[in-house]
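Overview (structure and organization)
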Amino acid sequence: MVSSWRVQQAAREIRAGAVIAYPTEAVWGLGCDPWNEDAVYRLLALKSRPVDKGLILVADSIEQFDFLFEDFPEDWIKRMADTWPGPNTWLVPHQGMLPEWVTGQHDTVALRVSDHPQVRELCALVGPLISTSANPGGRPAAKSRLRVEQYFRGDLDLVLGGLLGGRKNPSVIRDLATGEVLRAG
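Residues numbered from 1 in each chain as written. Predicted model: local features only at pLDDT ≥ 70, side-chain atom pairs only at ≥ 80, totals over all residues. Heavy atoms only, no water.

Naming follows an unreviewed UniProt entry, where the protein appears as Threonylcarbamoyl-AMP synthase of Pseudomonas shirazensis. Regarding the protein, the UniProt comment filed under Catalytic activity (unreviewed entry) reads as follows: "L-threonine + hydrogencarbonate + ATP = L-threonylcarbamoyladenylate + diphosphate + H2O". (UniProt positions renumbered as here; feature names shortened; annotations may be inferred.)

As structure tokens, then:
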């Protein structure tokens, strides 16, 4: 895959510890390197979001999450693979493989494989990313670049241009072990 110069720039920024905004399938998202503690805490501060809530990781393929799936039953892997890429977020046991600034106080982590071309392109370059809606706590998720810039007024390292994917609602969130829907899409 040949990446656009904008996505390559965003990847360089993320590797250097940046917090960025980017369009996703339904709303604008904020993202950073999940392994960079300073970047994640900065993102949480921008959103006024407590660390104990946990965050979503987004990837371009299920294989980017393989490090978490070593002991998973085959039917769990199939359940996720059958719904990805797409608007499905699965809560999966993290087995202590991720830092607490990603998982919060939970034994599970939220995972999604995006079907937004730009998000997939970015994740192909940098690996899984933190992906959370671009809005301060208590405000509606941004549906435009202008709203992102109004919310964060220069506090982001980069706003990646592009278009939303055309979905009206955020992804469905399901528990992998039980299949229970925790948030309708």
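1. Thoughts on the UniProt feature "domain: YrdC-like" (unreviewed entry) in the protein
UniProt annotation of "domain: YrdC-like" (unreviewed entry) refers to residues 4-185 when read in the numbering used here. Helix makes up 29% of residues 4-185 and strand 21%, and the two end C-alpha atoms of the span are 30 Å apart. (Helix = DSSP H or I, 4+ residues; strand = E, 2+ residues; numbered from the N terminus.)

2. Overview of the sheet that holds strand E3 (residues 56-59)
The nine strands are arranged E7-E1-E2-E6-E3-E5-E4-E8-E9 in an open sheet whose pairing can be described as mixed. In the strand order of this sheet, the two ends are held by strand E7 (158-159) and strand E9 (181-183), each with one partner. In this structure, strand E1 (residues 20-23) lies alongside E7, joined through two bridges in parallel fashion. Following the sheet pairing, Ala-21 is matched in E7 by Val-159. (Pairing = 2+ DSSP bridges.)

3. Concerning the packing of helix H1 (residues 5-15) against helix H5 (residues 117-126)
The geometry of H1 relative to H5 is characterised by a closest axis approach of 9 Å and an angle of 50° between their N-to-C directions. Relative to H5, the element H1 lies oblique. Regarding H1 and H5, the two cross each other, and that crossing is right-handed. For the pair H1 and H5, contact is made by Arg-6, Val-7, Gln-8, Ala-10, Ala-11, Ile-14 and Arg-15 and by Gln-118, Glu-121, Leu-122, Leu-125 and Val-126, respectively. Of the residues that constitute the contact of H1 with H5, the class distribution is seven nonpolar, two polar and three charged. (Axes fitted to C-alpha atoms, helices over the stretch in contact; angles between N-to-C directions. Parallel < 35°, antiparallel > 145°, perpendicular 65-115°, else oblique. Left-handed = near helix turned anticlockwise from the far one by under 90°. Contact = heavy atoms within 4.5 Å. Nonpolar A, V, L, I, M, F, W, Y, C, P; charged D, E, K, R; others polar.)

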